[in-house]
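Here is what each chain is made of, one letter per residue.
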Amino acid sequence: MKEGHEEHIRRDWKAGGEEYERVCPKKNEEESGEMRCSRKKEKWLHWLGTEVAVEYKACLYFFAILFYYSLYQVTRGIYTVSLVHMMEMIFATYGMGYLQVLALYNFDEAEHFRRKELALSLLCAALYTAVSYLFEWFDRKVPATGGFFLYCMAAYGCAYLANKWKRYVDTMRLNAMLRAYQKGEKKE
């Protein structure tokens, strides 16, 4: 370990009640006075990860919804968008982001798109469509609202494919880094 740190073993309990040990470096009392890997820090990092996932989804889907809404407005000869509708859209996407991350297993970032993910996509697209109908984003016109439902389904499919491709690229990069590291170890 680095100089100035001493090793502390902290015992915790898993949800199942099995005991485990974790080694946490602790800085000297003059430097910090608290353990580096504490429960508070773990909770903070978990919360931060959740917030980042929600932000990602909210921004992605807000832009997608705004794009469809803007196209709808242009087809009507209107070249402006309602700020009230935009506010409703961003609140809807944040709410849906929290729902997806906390309750619906983050399904659009799943490894495979099967029945469960399809059903959850249908549910979320239906919720977005209901919100759009409730707040009259498309003037409660059935063709525009039905098109919006199909557009939401396509957006979920595209998000799944984009996330899958990103995972594939990340895996390839990590494998290349691992091979380079292994070659470096063999030379020494």
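Right above here is the structure, for reference.
Computed from a prediction, not measured in an experiment: that's the story for all the values here. (Residues numbered from 1 in each chain as written. Predicted model: local features only at pLDDT ≥ 70, side-chain atom pairs only at ≥ 80, totals over all residues. Heavy atoms only, no water.)

**Student:** I keep staring at the nonpolar core and nothing clicks. Help me out?
**Tutor:** Generally speaking, a soluble globular protein has its nonpolar side chains buried in company with each other. Counting residues in hydrophobic clusters, the biggest one holds 24 residues, and the most contacted among them are Met 89, Tyr 128, Trp 137, Phe 138, Phe 148 and Tyr 156. When contributions to this core are tallied by element, the ones reaching two or more residues are α1 (39-75), α2 (83-102), α3 (115-134) and α4 (142-187). Ranked by residues supplied to this core, first place goes to α1 with seven residues. Ignoring any residue separated from it by four or fewer positions in sequence, one finds Met 89 in contact with Phe 62, Ile 65, Leu 66, Tyr 69 and Trp 137. (Core = buried A, V, L, I, M, F, W, Y, C linked by side-chain atoms within 4.5 Å. Buried < 20%, exposed > 50% of the residue type's maximum accessible area, 1.4 Å probe, protein only. Helix = DSSP H or I, 4+ residues; strand = E, 2+ residues; numbered from the N terminus. Contact = heavy atoms within 4.5 Å.)

**Student:** How do you make sense of the pattern of salt bridges when you look at a structure like this?
**Tutor:** Close approach of charged atoms lets side chains of opposite charge pair. Inspection of every chain in the model, using the stated rule, returns six salt bridges. A salt bridge links Asp 139 to Arg 76; its shortest N-O distance comes to 3.2 Å. Here Asp 139, found in the loop between α3 and α4, pairs with Arg 76, found in the loop between α1 and α2; they are 63 residues apart in sequence, far enough to count as distant. Close ionic contact of Arg 167 with Glu 111 constitutes a salt bridge, the shortest N to O distance being 3.2 Å. In this pair, Arg 167 is assigned in helix α4 and Glu 111 in the loop between α2 and α3, connecting sequence segments 56 residues apart. Connected through salt bridges with shared partners, the residues Lys 57, Asp 108 and Glu 109 form a single ionic network. (Salt bridge = Lys/Arg side-chain N within 4 Å of Asp/Glu carboxyl O.)

**Student:** Would you explain the state of the cysteines in this entry?
**Tutor:** Defined simply, a disulfide is a covalent bond joining two cysteines at their sulfur atoms. By the definition in use, this model includes zero disulfides. Looking at Cys 124, it has no disulfide partner, and the nearest cysteine sulfur is the one in Cys 152, 9.5 Å off. Since its relative accessible area comes to 0%, Cys 124 is described here as buried. (Disulfide = S-S within 2.5 Å.)

**Student:** Hey, could you run me through the environment of Tyr 156 in this one?
**Tutor:** With respect to the helices and strands, the residue Tyr 156 is situated in helix α4. Judged by its relative accessible area of 1%, Tyr 156 is buried. Between the C-alpha atoms of Tyr 156 and Leu 120, which are 36 residues apart in sequence, the distance is 9.9 Å. Setting aside residues up to four positions removed in sequence, Tyr 156 forms contacts with Tyr 61, Met 96, Gln 100, Phe 107, Asp 108, Ser 121, Cys 124, Ala 125 and Tyr 128.

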